[in-house]
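# Coordinate analysis (summary)
This is what each chain is made of:
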Amino acid sequence: MRDNYDVLIVGAGPAGLGAADILDGHDLNILMVDENMHTGGQYLRHMPGIENKNISSIDSQLIARVTKSGIDRWHRAEVVDGTPEGWLQVIIPPNRIVDVHADFIILACGTREKFRPFPGWTLPGVVSTGAVQVLMKGNGMIPSDDIIVAGRGPLPLLLASEILQKKGRVRALLDETHALSHLKYLRLLASHISKLGEGTRHLLRVVRGKVPIATRTRVVGAQGQGKLEEVVTMKTNRHGDLLPNSKKVIPASFLAIGHGFVPNVELAVLMGCRVDYVSEKGGWIVRTHDELETSIENIFAAGEVTGVAGAQKSLLEGQIVGHSILNRLGLNGNKRQISELIKTRTHYMEFGKYVNSLTRFSQADIETVSDETILCRCENVTFGHIRQALIDGCVSWPGLKMTTRCGMGRCQGRTCGPILEELLTISGQWHSSQMKPYSIRFPVKPIPFSALCATEE
Amino acid sequence: MNVMRIKSIPRDRALTIYVNDREIEAYEQETLHAALLAAGILVLRDNGNGMSPRGIFCGMGTCYECLVTVNGQPNLRACQTLVEDKMEIVIDAG
């Protein structure tokens, strides 16, 4: 196993694939590291060897080109440490930590979902919208014929449509935003005709499938003995305040919920890359220069980590980084093509703004979460615990962590962090000038002690 | 609850896994969390005092809620583990 590469790509989703595709064929030693079993990331998740309609032929050709190229690929491999000098520590099955160095590193770590918690969201049967997609796309399974899809942004509608397409059933589609909130963006959407068409197609399928659709409707509770049996909803006004007497209880065995996306910047932060908090881009993003180099020389970022805007923008950024690195190496990177790609990328970033604005919480959205609601699932820390700590004078992430244990569990603040940050911002406790992401330390992902104790050879 | 392996999608080779000694059918290339769900196993562990049952949540390796013991190795994410024939899984949801 070699431990030195010209280029190391973290993430085998659209951004990583875009970069790999451009860099391939120039006699470079390239390594792709990805935590999933197969190439494609979340967006291009598929069942290998099985013809399926989840991904387009262009995408499957891209995956085929990269998987058949001479690029080394480590799957089920997670980066747990990294230095600005280009050294990464990667844990590979079964529990072995290896050091690997590269002259250029591309951080294409993608995005994850964010969730505004509600009482009962830890019950088995309550899952993320992405989890249902994983079951469908990666396992050919629909988890229930009795599923409620809820949340904000484009994913709930897309998921409901995909379930129907696979001949499954959807009990209800609950959207927290108001139908009118899309109107503000009509002019923007008009320049994204394909996206508008795509959205309309999904909406028509859901309507034709006779799925009850409710807007301005929020899940405020999940109930059941040991697992989900009932979903409690309430209507809101356009500010996000809950309307009294609007409570409804819907029986359901499964609830898929999602409230938008946040970039996975943890590794970048650990390596020392500068990040900025830009809510119209989804939260913390990796700061990049024109050719997508980060604040650290020879470390590049591509895809959702520079701002959430979807798979096409990620693919483009991967390609831009590919050309940038070829240029840097004097290997015939195409400068003109870079400027073309950057222009198209701006177009997609506008679409990202629309998506991120739909999923941004208002003050009432956060303030109406009840005190008994668990915020940190790992450590069972509630909103009430956090609010009390704020009253007691804790205003920083480290302080809240130490007094409440929020964010100290196995997921390392990935689930609660984005919401805690919104809570701090909204409560006026956190001013943009003093905003800092929560501290990231080795290991970025939890590892067993046995991996630390193991010695090589 | 009826979990559906979509019929039109072809499956790999069938295999057997053992969950707390119960025999469960699964298919090669499936992730463990999907196989458990298909067998109707929703509760994978408890997060304190037997009062906080947990199951799959993010489904993609981020939340660490679906931890189970696989072939004696504790705290593996079921969603990031592929099933293997004769795999032994222990779920301690007490």
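Residue positions are given per chain, counting from 1 as you read along its sequence in written order. Labels are handed out in written order, letters beginning with A for the chains and numbers beginning with 1 for the ligands. The model is predicted, so local features are restricted to residues of pLDDT at least 70 and side-chain atom pairs to those at 80 or more, both for listing and for counting; the totals for chains, interfaces and linings are taken over all residues.

## Re the packing of helix H3 (residues 129-139) of chain A against helix H4 (residues 154-165) of chain A
Residues and elements named next belong to chain A. Orientation of H3 relative to H4, taken along the N-to-C sense of each, is 30°, at an axis distance of 10 Å. The angle between H3 and H4 places the two elements in the roughly parallel class. Regarding H3 and H4, the two cross each other, and that crossing is left-handed. Facing Thr129, Val132, Gln133 and Met136 of H3, the residues of H4 in contact are Leu155, Pro156, Leu159 and Glu162. Tallied by class, the residues present in the contact of H3 with H4 amount to five nonpolar, two polar and one charged. Axes here mean lines fitted to C-alpha atoms, for a helix over just the part in contact, with angles spanning 0 to 180 degrees between N-to-C directions. The way it works is that DSSP assigns letters per residue, a run of H or I at least four long becomes a helix, a run of E at least two long becomes a strand, and they are numbered from the N terminus. Each angle receives one of four descriptions, namely roughly parallel if under 35 degrees, roughly antiparallel if over 145, roughly perpendicular if within 65 to 115, and oblique otherwise. Left-handed describes a crossing in which the near helix is turned anticlockwise from the far one by less than a right angle; the clockwise case is right-handed. Distance between backbone-placed C-beta atoms decides contact: two residues are in contact if it is within 7 Å. Note on residue categories: nonpolar means Ala, Val, Leu, Ile, Met, Phe, Trp, Tyr, Cys or Pro, charged means Asp, Glu, Lys or Arg, and polar means any other residue, Gly included.

## Looking at the pairing of strand E3 (residues 22-27) of chain B
All names here are of chain B. Pairs of strands are assigned from DSSP output, requiring at least two bridges between the strands. The pairing of strand E2 (residues 14-19) with E3 spans six bridges and is antiparallel. Residue pairing across strands places Leu15 opposite Ala26, the latter belonging to E3. Hairpin geometry of E2 and E3 is characterised by an intervening segment of two residues between the two adjacent antiparallel strands and by a positive phi of about 45° at Asn20.

## Examining the sheet that holds strand E8 (residues 126-128) of chain A
Spatially, the five strands line up as an open sheet ordered E8-E16-E10-E11-E12 (chain A), and their pairing is parallel. Pairing within the sheet leaves two strands with one partner each, and these edge strands are E8 and strand E12 (213-214) of chain A.

## Overview of the domain arrangement of chain A
Each assigned domain of chain A is listed here: domain 1 (4-112 + 262-356), domain 2 (115-258) and domain 3 (370-434). Each of domain 1 of chain A and domain 3 of chain A was reduced to a C-alpha centroid, and the two centroids are 30 Å apart. An automatic or database domain assignment provides the domain bounds reported here.

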